[in-house]
Each structure stands twice: as C-alpha cells, then as structure tokens.
Amino acid sequence: MPTQYDVVIVGGSNAGLSAALILGRARRKVLIVDSQQPRNAPAQHAHGFFTQDGTPPDQLRELGKAQLEPYDVDIQYGLVTNISGENLAFSLTLDTGEVINAHKVILATGVQDDTSILPGLSELWGARAYTCPYCHGWEVRDQPLAVITSGQEAYPYASFLTNWSQRLTVCTNSGELDSEARGKLTQQHNLTIIDTPITQLSASKTEASVQFSDTTELTVQGIFVRPPMRLTAASLLTQLGCTLSECGSYVVTDDSGQTTIPGVYAVGDMASPGHAVILAAASGAQAAYMLNHHFVSEQQALSLAS
Ligand SMILES: Cc1cc2nc3c(=O)[nH]c(=O)nc-3n(C[C@H](O)[C@H](O)[C@H](O)COP(=O)(O)OP(=O)(O)OC[C@H]3O[C@@H](n4cnc5c(N)ncnc54)[C@H](O)[C@@H]3O)c2cc1C
C-alpha cells in the first residue's frame, strides 16, 4: 500500500519549506519531495530576506528543514515524475518508482535559467553574472558594469540598472536595438553601447570580462543579463492540466494559491512573475494556510454527510 499523506509538497526549497512549516503546525501529515536543485544554488549569499540578509542560501534551507523537526513532516530526496488523480485522492510517482498518495498537492518546483545562451555564463552565474539588481545590485553599486540586452527589454532593463550604477555599458551582442531606445540610453543616460558579437564571458577573482568577436574586451565588476527561464516541472503541469499565464512563464493560481486544478496549489517562482526568496516563502505560507482551511471544510462536510 502506498503511504498516505495529507499533503505532498513537490520541491523543498524556500517556498516548499515555508508551506511545510505552516502545515506541520496545523497538524497535517506532510511529505516534501525535493530534487535538491534550487535556483539560487550558485549564489554565495541570499539578499533581501528580512532578518536574514546575506545568509548563504543553503544555510537558510538547512535552518528551514531543522525547524520542521518537531512536526509530522517527512523529507525525501528525489524527483516526482508523475502526478495523477483528483482532489483528496492524488497519486505521485517518484523516479525510484515509489508511489505516494496525498489528499492535496503543493507544487513548489521553481524555474530554471537557461545560462547556456552565452559561452561562460554558466560559470559566472550568481558570482559575477546576475539577473536581478535587488539581489545583487548593492554589492556592485557605482561600479563599472555590463548589461547584455537587446530588443524590447533593453531600454527598461538598462535604464533601471542605472539606479545602482551609472557606469554601465550596454552590450547588444548584435541583437536589435531601435533608434529611440538607442537615443535615450546614450543621450539621457550617457551610456555606451557595444553592438559587437560576444564570444566569451570570463572572470578572475577581482573582475569579470566580456570578450568580443573583434578581440576587444570589456572589464567590469559585474554582468547583468536576463536569460530565458523555463518552468522546472513543466511535465507535471501538463499531466495535471494546470493553466499557465498568457506568457507561459508561471502557473495561474487564485488568491489562495490554488491552481485551476482543485486540490493542487502552486507557490514560489513557478507561480508568480516576481522572484525573490522572501516572496517564495510568503507564497508558500499563504497557500498552506488556505489549503488547510479548504481541507478542514472538506473533511467536516464529508463527516457531516456520512
Ligand atoms: C543566481 C541567483 C541568485 C539569486 N539571489 C537571490 C537573492 O539574493 N535574494 C532573493 O530574494 N532571491 C534571489 N534569487 C531568486 C531566488 O533564487 C528564487 O526566487 C527562489 O529560489 C525561489 O524559491 P522556490 O522555492 O520557488 O524555488 P527554488 O528555490 O528554485 O526551489 C525549487 C525546488 O524544487 C525542486 N524540484 C523541481 N522539480 C522537482 C520535482 N519534479 N521533484 C522534486 N523536486 C523538484 C528543485 O530541485 C528545487 O530544490 C536568485 C536567483 C538566482 C538565479
């Protein structure tokens, strides 16, 4: 017989652990299944989390796990590969073949950044190359920076980054940049634009470098870029039939965090266009409160009916 849980949480990072804490304290029997590949793993520090600014991301997660210890929350490391069933009767299959039953499911599987788009980006990711100025802008404030961007996002992204440093070079990597955006960036913001294709990104202990196809090089303290993102557990969402946002980058949920499939909740980066550790933790907690309310009502309705 598969083990029966009240709630299985798929993904045991910021959003999942936060949801588990609330559910554990609500006396729910919870299982977290986690494949241990959180998005901010390459970063040394997680910034902007109230009371925890600058704490290493792994340390935050370890503390989150340790504080689940008093509650009826199990943690299993592995990958959930299949979810089927309906509200109050879900069945989850792990990559080991093990099957687990759950009344409710919380998806907290995050998103992934495609750092393969530029040679060297994966190696620099989180250390010298960043996407979010709220996470990393303070550390490189007023320093020489490169922003690799083009097209529609170029003006809003580059002009926004000048809030942290005006010593910013825009590298289009031969991508498109219309004359209006080009004019505003160079004239209003006094930024330099380099259109030459990028051949390599690299870094030493003290600086980062953008190398171009004409053998020139730009030396900076940090590189900002927004690589494409994808939903980590897209196949689970397809199996369940959850509706995605119009842009396809996050799962649609209602105010309670429930997806369009009753009994399935989605939290953290995968369920929002805004991405931050504290937002992920907050959405995990919010969905857990609401899930428990729904569950109590459903259980009471069932016991009245029987
Ligand atoms: C380089 C970098 C640095 C960042 N720095 C900061 C910062 O300083 N401050 C900040 O607020 N935010 C930062 N962020 C954003 C932050 O990482 C995310 O907002 C946050 O991690 C989202 O948490 P989450 O729980 O939703 O997802 P994640 O942390 O990505 O966790 C998802 C978890 O689900 C697991 N999983 C996925 N699929 C399955 C499956 N099928 N079965 C089982 N488990 C599965 C994964 O292995 C992972 O452990 C940074 C992001 C990046 C890329």
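You'll find the structure just up there.
All of these numbers come straight from a predicted model, not from anything done at the bench.

## Some thoughts on unusual backbone geometry
Then, number 1: Phi at Asp142 takes a positive value of approximately 60°, unusual for a residue other than glycine.
Then, number 2: For Asp142, the location among the structural elements is in the loop between helix 4 (133-136) and strand 9 (145-148).
Then, number 3: What makes Asp142 exposed here is its relative accessible area of 51%.
Then, number 4: A positive phi is found at Asn190, a non-glycine position, where the angle reads about 60°.
Then, number 5: Within the secondary structure, Asn190 is located in the loop between helix 6 (179-188) and strand 11 (192-194).
Then, number 6: Under the relative-accessibility criterion, Asn190 is labelled exposed at 64%.

## Some thoughts on the pairing of strand 5 (residues 89-94)
Then, number 1: Residue alternation in strand 5 divides its side chains into a buried set, Phe90, Leu92 and Leu94, and an unburied set, Ala89, Ser91 and Thr93.
Then, number 2: The hairpin turn running from strand 4 (residues 80-86) into strand 5, its antiparallel successor, is 2 residues long, and Leu88 in that turn takes a positive phi close to 75°.
Then, number 3: With 4 bridges connecting them, strand 5 and strand 6 (residues 99-107) associate as antiparallel partners. Across the sheet, residue Ser91 finds its bridge partner in strand 6, namely Asn101.

## Observations regarding the environment of Ser213
Then, number 1: Within the secondary structure layout, Ser213 lies in the loop between strand 13 (208-212) and strand 14 (217-220).
Then, number 2: Of the residues examined, Ser213 reaches a relative accessible area of 42% and is grouped as partly exposed.
Then, number 3: Here the alpha-carbon distance between Ser213 and Thr196, two residues 17 residues apart in the chain, equals 6.6 Å.
Then, number 4: If sequence neighbours within four positions are ignored, Ser213 has contacts with Thr196, Pro197 and Thr199.

## Regarding the pattern of salt bridges
Then, number 1: Inspection of every chain in the model, using the stated rule, returns 9 salt bridges.
Then, number 2: Among the ionic pairs, Asp6 bridges to Arg28, the shortest N-O distance being 4.0 Å. Linking Asp6 in strand 1 (residues 3-10) with Arg28 in the loop between helix 1 (14-25) and strand 2 (30-34), this pair joins segments that are 22 residues apart in sequence. Comparing Asp6 with Arg28, the two get one shared label, buried.
Then, number 3: The salt bridge involving Glu180 is made with Lys184; its shortest N-O contact spans 3.9 Å.

## Thoughts on the side chain of Thr149
Then, number 1: Tracing the backbone shows Thr149 in the loop between strand 9 and helix 5 (154-161).
Then, number 2: Only 2.7 Å separates the side chain of Thr149 from the side chain of Glu153, close enough to count as a polar contact.
Then, number 3: When sequence neighbours within four positions are dropped, the list of residues in contact with Thr149 reads Ala154, Tyr157, Val170, Cys171 and Thr172.

## Let's talk about the nonpolar core
Then, number 1: Val8, Val10, Val80, Ile83, Leu92, Leu107 and Met270 are the most contacted members of the largest nonpolar core, which has 27 residues in total.
Then, number 2: The set of elements that each furnish at least two residues to this core consists of strand 1, strand 2, strand 4, strand 5, strand 6, helix 7 (234-240) and strand 17 (264-266).
Then, number 3: No other element matches the 4 residues that strand 6 contributes to this core.
Then, number 4: Sequence-distant contacts of Val80, defined by excluding residues within four places in its chain, comprise Val10, Val33, Leu92, Thr93, Leu94 and Leu236.
Then, number 5: Formed by 21 residues, the second largest nonpolar core is a distinct cluster that contains Ile9, Ile106, Ala108 and Ala285.

## Structural notes on the packing of helix 1 against helix 8 (residues 277-305)
Then, number 1: The N-to-C vectors of helix 1 and helix 8 enclose an angle of 35°; their axes lie 7 Å apart at closest approach. Pair helix 1 / helix 8 crosses with right-handed handedness. Between helix 1, through Asn14, Ala15, Ser18, Ala19, Ile22 and Leu23, and helix 8, the contact on the second element is made entirely by Val277, Ala280, Ala281, Gly284, Ala285, Ala288, Tyr289, Leu291 and Asn292.
Then, number 2: The residue inventory of the contact of helix 1 with helix 8, partitioned by class, reads 11 nonpolar, 4 polar and no charged.

## Structural notes on the site of the ligand
Then, number 1: The environment of the ligand is made up of 36 residues, and the closest members are Ser13, Asp34, Ser35, Gln37 and His47.
Then, number 2: Gln36 is positioned with one of its backbone polar atoms (N or O) 3.2 Å from an oxygen atom of the ligand.
Then, number 3: Contact distances for the ligand include 2.8 Å between an oxygen atom and a side-chain N or O atom of Asp269.
Then, number 4: When the ligand sits alone it has 1,000 Å² of accessible area, and the protein chains cover 97% of it.

Cut-off values and rules
- Here the residue numbers are simple positions, counted from 1 along each chain's written sequence.
- Restriction of local features to residues with pLDDT of at least 70 applies here, the model being predicted, together with a cutoff of 80 or more for giving and counting side-chain atom pairs; totals for whole chains, interfaces and linings are based on all residues.
- Hydrogens and water are ignored here; the side-chain numbers use all heavy atoms of the structure.
- A run of H or I in DSSP counts as a helix once it spans at least four residues, and a run of E counts as a strand once it spans at least two, with each numbered from the N terminus.
- Residue burial is assigned from relative accessible area. The probe radius is 1.4 Å, only protein chains are included, and a residue is buried under 20% of its type maximum, exposed over 50%, and partly exposed in between.
- Strand pairing requires that DSSP identify at least two bridges connecting the strands.
- For this analysis, residues touch if any pair of their heavy atoms sits within 4.5 Å.
- What makes a salt bridge here is a side-chain nitrogen of Lys or Arg within 4 Å of a carboxyl oxygen of Asp or Glu, nothing more.
- Think of a polar contact as two N or O atoms within 3.5 Å of one another; within protein, one of them needs to be a possible hydrogen donor and the other a possible acceptor, and neighboring residues in sequence only count if both atoms come from side chains.
- Buried Ala, Val, Leu, Ile, Met, Phe, Trp, Tyr and Cys residues that are joined via side-chain atoms within 4.5 Å together make up what is termed a nonpolar core.
- Fitted lines through C-alpha atoms give the axes, limited to the stretch in contact for helices. The angle between two N-to-C directions lies from 0 to 180 degrees.
- Each helix crossing is assigned a hand: it is left-handed if the near helix lies turned anticlockwise from the far helix by less than a right angle, otherwise right-handed if that turn is clockwise.
- All residues other than Ala, Val, Leu, Ile, Met, Phe, Trp, Tyr, Cys, Pro, Asp, Glu, Lys and Arg, Gly among them, are scored as polar; the first ten of these are nonpolar and the last four charged.
- Residue proximity to a molecule or strand is established when one non-hydrogen atom of the residue lies within 4 Å of it.
- Here, Shrake-Rupley sampling with a 1.4 Å probe gives the accessible areas, and only protein chains in the shown set may cover a residue.

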